[in-house]
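Descriptive structure summary
Each chain is listed here by its residues.
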Amino acid sequence: MGIGKRVSSSSPCLLFFFFFFSLVLLGCPSLGHPNYKDALAKSILFFQGQRSGRIPTGQQITWRSNSGLSDGSLAHVDLIGGYYDAGDNVKFNFPMAYTTTMLSWGTLEYGKRMGPEIQSARAAIRWATDYFIKCATATPNTLYVGVGDPTTDHKCWERPEDMDTTRTVYSVTASKPGSDVAGETAAALAAASMVFRKVDPKYSRLLLATAKKVMQFAMQYKGAYSDSLGSAVCPFYCSYSGYKDELLWGAAWLWRATNDASYLNFLQTLGANDATDIFSWDNKLAGARVLLARRTLVDNDKRFESFKQQAEDFMCRIIPNSPSSSTSYTQGGLMFKLAESNLQYVTSITFLLSTYAKYMSASKYTFNCGNVRVSSSTLRNLAKQQVNYILGENPLKMSYMVGFGANFPKRIHHRGSSIPSKASHPQAFGCDNGFQSFFYTSNPNPNTLIGAIVGGPNQSDGFPNDRTDYSHSEPATYINAAIVGPLAYLAGSYSS
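As a starting point, this report considers the structure included with it.

Before going further, it helps to spend a moment on the environment of V387. The residue V387 is located in helix α14 (residues 376–390) in this model. In this structure V387 comes out as buried when scored by relative accessible area, which is 1%. Once the C-alpha coordinates of V387 and Q309 are considered, the two residues, 78 residues apart in sequence, prove to be 26 Å apart. Look past the residues within four positions of V387 in its chain and what remains in contact with it is Y36, T350, I483, P486, L487 and L490.

In structure tokens:
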């Protein structure tokens, strides 16, 4: 799965939009609300369906079994574990690390609202960080950043349990740098170290020590991993935004985890000041600014005032009735950024809306977008409306989370979900054997990937529900990871 080119869009029915969003932003109540606790549990359960490696006892998504047990062997290292990024069988560490950072951030901010699901969230994070520790420590001065040839893998439609494609190993080094993937990996490890600080101090220390080493590697050997690895990561997960945003993001997380002033000094000299109206696995500027703005809003530390101003500039580009808004919305009310897998941007931006609102409410802070006053409620109401749309409050009455509600996508673009499990069909399906019987069929997928959020509807609020349409029907780890925090907030705020 990858990212498409930016698309511009017109905004018809402006009068409708302003009326509709004035209701949303004023917080006018709707008739009931989705079961956020159920959605939260399922959003985390989804990660079990993406597991690579040896499946543990207690696995709830039972149609998955062991896969990728020789990963790393071509480089004579153990790289077993981690997650498949989306509907394929490749481990791309760049989006996997972002997934882990967002899961960790959500757990740090909203863990107290997760109830029993906090155990599942920690397990989902640890499945990734155990793998990242291997990637960062297996070979000196080397960071392994992926397993599986994406071009070869995408020519097959087979279960991960049947993989017979070459499990090529990819890495970045001093001579083939990757500041972007290294900075994101450091961010993931640092954020996770805070998640485990009280519940597993020894593991937390290992995560933080590894994060420091990986961040040093990112800062010392500057370069984009796309340039070093070429077709192994492009066009799938090219670092389109460059690597400065990951250096800012990584340093921001190390600063939060350590209070080591060297990280603060580093990020203040980066010059990563470009304006942005997007947040994703590729572009981390907005996330870093919200994270750093916390120091001003919550701790009253004026050294971070410039990041607060940049965070608010971002919010003003998102809010629909802001004079500086550059964000389109569908007639049904969904934020619309890009045609391919739009919900990845919706969930990530929704996380920032929710979390900046949390920071604002700590000091009852408000700001202005031109003549529009923005409070924490403004941001929370917009975030809630986006979550509700995903969970079924939309023109099609379609839940874009698999297994949630009565009407959800049944033909998702996902190899494991679309092919009978090994339990029901022990014989292997070869590389080409799955296309005619399972990819092109209009039958529903035999295995339900509970909790998976797909790419979502088009700009007209339409959804083809077609397995071959990966732009709208493919789930991905980073879509889910970003919505866990907002769902936890809502689950803790509204009774079912």
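The structure having been displayed, the exposition proceeds.
The strands making up a sheet associate through backbone hydrogen bonding, with each pair oriented either parallel or antiparallel. On the basis of which strands lie adjacent, the open sheet formed by three strands has the order β1-β2-β3 and antiparallel pairing. Here the strands that pair on one side only, and so sit at the sheet edges, are β1 (91–92) and β3 (169–173). Relative to β3, strand β2 (residues 142–147) runs antiparallel, the two being bridged by five bridges. When the sheet's bridge partners are listed, Y144 is paired in β3 with S171. Of the strands in this sheet, β1 and β2 are in contact with helix α4 (residues 117–137), which crosses β2 at around 130°.

Let's shift gears to the pattern of salt bridges. Pairing between side chains of opposite charge can happen when their charged atoms approach one another. Per the counting criterion, the structure on display carries 17 salt bridges. Between K91 and D71 there is a salt bridge, with its nearest N and O atoms 2.8 Å apart. With K91 in strand β1 and D71 in the loop between α2 (36–45) and β1, this pair connects stretches of sequence that are 20 residues apart. The partner of K308 in a salt bridge is E312, with the nearest N and O atoms 3.6 Å apart. Residue K308 and its partner E312 are located together in helix α12 (residues 305–318), separated by four residues, close to a single helical turn. There is no split in this pair, since K308 and E312 are both buried. Within the structure, one salt-bridge network assembled from shared partners comprises D71, K91 and R167.

Taken as a whole and judged by the stated rule, the model has 32 aromatic pairs. Here the aromatic rings of Y98 and F279 are separated by 5.7 Å at their centres, their planes lie at 80°, and the arrangement is edge-to-face. Of this pair, Y98 sits in helix α3 (residues 93–110) while F279 sits in the loop between α10 (261–268) and α11 (285–297); the two residues are 181 residues apart in sequence, bridging distant segments of the chain. An aromatic cluster is present here, built from Y98, W105, Y110, W249, W253, F279, F351 and Y489 joined pairwise through their rings.

Once that is clear, we can look at the environment of I133. Counting through the fold element by element, I133 comes out in helix α4. With a relative accessible area of 12%, I133 lands in the buried category. Sequence separation between I133 and L189 is 56 residues, and the spatial gap between their C-alpha atoms is 8.4 Å. Dropping the residues within four chain positions of it, I133 is found in contact with L189, Y203, L206, L207 and T210.

Let us now look at empty space enclosed by the protein. Once rolled over the atoms, a probe with the size of a water molecule shows which space is left empty. Here the structure, examined in full by the defined rule, presents four cavities of 30 Å³ or more. Of the voids in this model, the largest cavity is the one considered here, and its volume is about 50 Å³. Of the residues that constitute the lining of the largest cavity, the class distribution is two nonpolar, six polar and three charged.

Running from N to C, α4 and helix α6 (residues 179–195) cross one another at 135°; their axes reach a closest spacing of 10 Å. Accordingly, the angle class assigned to the pair α4 and α6 is oblique. Remark: the crossing between α4 and α6 carries left-handed chirality. Judged by residue contacts, R122, I125, T129, F132 and I133 of α4 engage T185, L189, A192 and V195 from α6. Looking at the contact of α4 with α6, its residues break down into six nonpolar, two polar and one charged.

Let's shift gears to the state of the cysteines. On inspection of all chains with the given rule, the structure shows three disulfides. Note on cysteine connectivity: C156 is disulfide-linked to C431, with sulfurs 2.0 Å apart. Taking the torsion about the sulfur-sulfur bond, which here is approximately -90°, the covalent link between C156 and C431 counts as left-handed. Remark: C431 occurs in the loop between α15 (415–418) and α16 (433–439) and C156 occurs in the loop between α5 (150–153) and β3; sequence separation between them is 275 residues. For C156, a relative accessible area of 4% corresponds to the buried category. Covalently, C316 is tied to C369 through a disulfide, its sulfur atoms 2.0 Å apart. The chirality of the disulfide connecting C316 with C369 is left-handed, given an S-S dihedral of about -85°.

Here helix α18 (residues 477–493) is 17 residues long and its end C-alpha atoms lie 25 Å apart, about the 24 Å a rise of 1.5 Å per residue gives. At V484, α18 is deflected by roughly 30°, the largest bend along its length, and proline P486 occurs up to four residues later in sequence. Burial analysis of α18 places 15 of its 17 residues in the buried class, which makes it a mostly covered element.

Calculation criteria
- Residues numbered from 1 in each chain as written.
- Predicted model: local features only at pLDDT ≥ 70, side-chain atom pairs only at ≥ 80, totals over all residues.
- Heavy atoms only, no water.
- Helix = DSSP H or I, 4+ residues; strand = E, 2+ residues; numbered from the N terminus.
- Buried < 20%, exposed > 50% of the residue type's maximum accessible area, 1.4 Å probe, protein only.
- Contact = heavy atoms within 4.5 Å.
- Pairing = 2+ DSSP bridges.
- Axes fitted to C-alpha atoms, helices over the stretch in contact; angles between N-to-C directions.
- Salt bridge = Lys/Arg side-chain N within 4 Å of Asp/Glu carboxyl O.
- Phe/Tyr/Trp six-rings, centres within 6.5 Å; stacked < 30°, edge-to-face > 60°.
- 1 Å grid on protein atoms, 1.4 Å probe; cavity = no way out; pocket = protein on both sides within 12 Å on 5 of 7 lines; lining within 4 Å.
- Points joined across faces, edges and corners; volume = space filled by probe spheres on them.
- Nonpolar A, V, L, I, M, F, W, Y, C, P; charged D, E, K, R; others polar.
- Parallel < 35°, antiparallel > 145°, perpendicular 65-115°, else oblique.
- Left-handed = near helix turned anticlockwise from the far one by under 90°.
- Disulfide = S-S within 2.5 Å.
- Expected span 1.5 Å × (residues − 1).
- Bend = angle between axes of the 7 residues up to and from the residue.

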